[in-house]
Amino acid sequence: MKLFDIGLNLMHPAFNMDREQVVQAAEAAGVSPLIITGTDARSSFEAVKYASRYPGKLYSTAGVHPHAVKDGTPRTLDELRRIAGHAGVLAIGECGLDYNRDFSPRDMQREWFEKQIHLAGELTMPLFLHERDAFADFSGVLKRNRKSITPMVVHCFTGTERELEQYLDLGCYIGITGWICDERRGAHLLDLLKQIPADKLLIETDAPFLMPRNMAGKPRNGRNEPKYLTHIAQVIAHHLDKDPTTLAQETYTNTCRFFGIPA
């Protein structure tokens, strides 16, 4: 079984002591390639710099997370444009809206979300999207900018049936994480899985976050890793009544298609 993790925060300090070993452990588990998520200009640059050491195994994105837009400057968009020009950068993002914590003012979040949508359109690159407790404004921004929108994936989908339907109507791919393994918060996603077309499903860990709660032998430190994508895939396959190998092949093909990577 060969899996492709579309989103992990490999440059997070949680991996500072053993980043290379984490990549190697993932590959040994059949999880390769990996896409490192950029969450601001600095982390996006660090991601592409590190990924360049593993061509064909590591890729990255370039974007500003809604939490970080409060620190954006007039130069930030130009920095993202330069970073996105590097080989191995596959998408613009993580970008979007997050009204759950409001670490950045909401009007600023909406402004920077649109800026990154336009940047993706200018560069003809896919969008790697983040939405939490902001669906009405988030979907409104997407609809207003529909003409300039490129292929997009809603990273770490945790929403409702109605939200899923609207995302699919907009042509979005749907990213599923270990949230689906949490019976406290993610049980509703098990019923929604079958509504996601097979050719629109992508899978990810969002490591070091979202450790699969129902996985046996979890590390005590609670740090998620890309190698645990195998467990997430098995849970998804079980609830879709699919062989895990079939699910792996489908999601791998979907990922290559979405990000424009030769299969």
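Residues numbered from 1 in each chain as written. Predicted model: local features only at pLDDT ≥ 70, side-chain atom pairs only at ≥ 80, totals over all residues. Heavy atoms only, no water.

Quick look at helix H6 (residues 161-169)
- Regarding H6, the residues found buried are Glu163, Leu164, Gln166 and Tyr167. One side of H6 carries all its buried residues, which in axial view fall inside an arc of 165°. Relative to its buried face, H6 has exposed residues pointing more than 90 degrees away, namely Arg162 and Asp169.
- Its buried side turned inward, H6 meets strand S5 (127-132), helix H5 (135-144), strand S6 (152-154), strand S7 (173-176) and helix H7 (187-192).
- Where H6 ends, the next residue or the one after it, glycine 171, has phi of about 85°, a positive value. (Buried < 20%, exposed > 50% of the residue type's maximum accessible area, 1.4 Å probe, protein only. Helix = DSSP H or I, 4+ residues; strand = E, 2+ residues; numbered from the N terminus. Arc of directions from axis to C-beta. Contact = heavy atoms within 4.5 Å.)

What to know about the packing of helix H4 (residues 106-123) against H5
- The contact between H4 and H5 brings their axes to 11 Å, and the two run at 35°. The interaxial crossing formed by H4 with H5 has right-handed handedness. Residue-level inspection shows Arg110, Phe113, Glu114 and Ile117 of H4 in contact with H5, the latter providing Asp137, Phe138, Val141, Leu142 and Arg144.
- Residues belonging to the contact of H4 with H5 are distributed by class as follows: 5 nonpolar, no polar and 4 charged. (Axes fitted to C-alpha atoms, helices over the stretch in contact; angles between N-to-C directions. Left-handed = near helix turned anticlockwise from the far one by under 90°. Nonpolar A, V, L, I, M, F, W, Y, C, P; charged D, E, K, R; others polar.)

Considering the sheet that holds strand S3 (residues 58-62)
- Taking strand neighbours across the sheet as the criterion, the 8 strands line up as S1-S2-S3-S4-S5-S6-S7-S8 in an open arrangement whose pairing is parallel. The open sheet has two edge strands with one neighbour each: strand S1 (3-8) and strand S8 (201-203). Within the sheet, the average angular offset between the axes of one strand and its neighbour, ignoring direction, is 30°.
- Alignment of S7 against S8, held across 3 bridges, turns out to be parallel. Opposite isoleucine 174, over in S8, you have leucine 201 as the bridge partner.
- Across the sheet, H4 touches strand S4 (89-98) and S5, and the angle it forms with S4 is around 160°. (Pairing = 2+ DSSP bridges.)

Here's the deal with the pattern of salt bridges
- Counting across every chain of the model gives 17 salt bridges.
- Among the ionic pairs, arginine 81 bridges to aspartate 78, the shortest N-O distance being 2.6 Å. Placement of both arginine 81 and aspartate 78 in helix H3 (residues 76-84) is noted, with a separation of 3 residues, approximately one turn of the helix.
- For arginine 213, the salt bridge identified is with glutamate 183, shortest N-O distance 3.0 Å. With arginine 213 in the loop between S8 and helix H8 (229-239) and glutamate 183 in the loop between S7 and H7, the pair connects residues that are 30 residues apart, well separated along the chain.
- Taken together, the salt bridges that share partners define one network made up of Asp182, Glu183, Arg184, Arg185 and Arg213. (Salt bridge = Lys/Arg side-chain N within 4 Å of Asp/Glu carboxyl O.)

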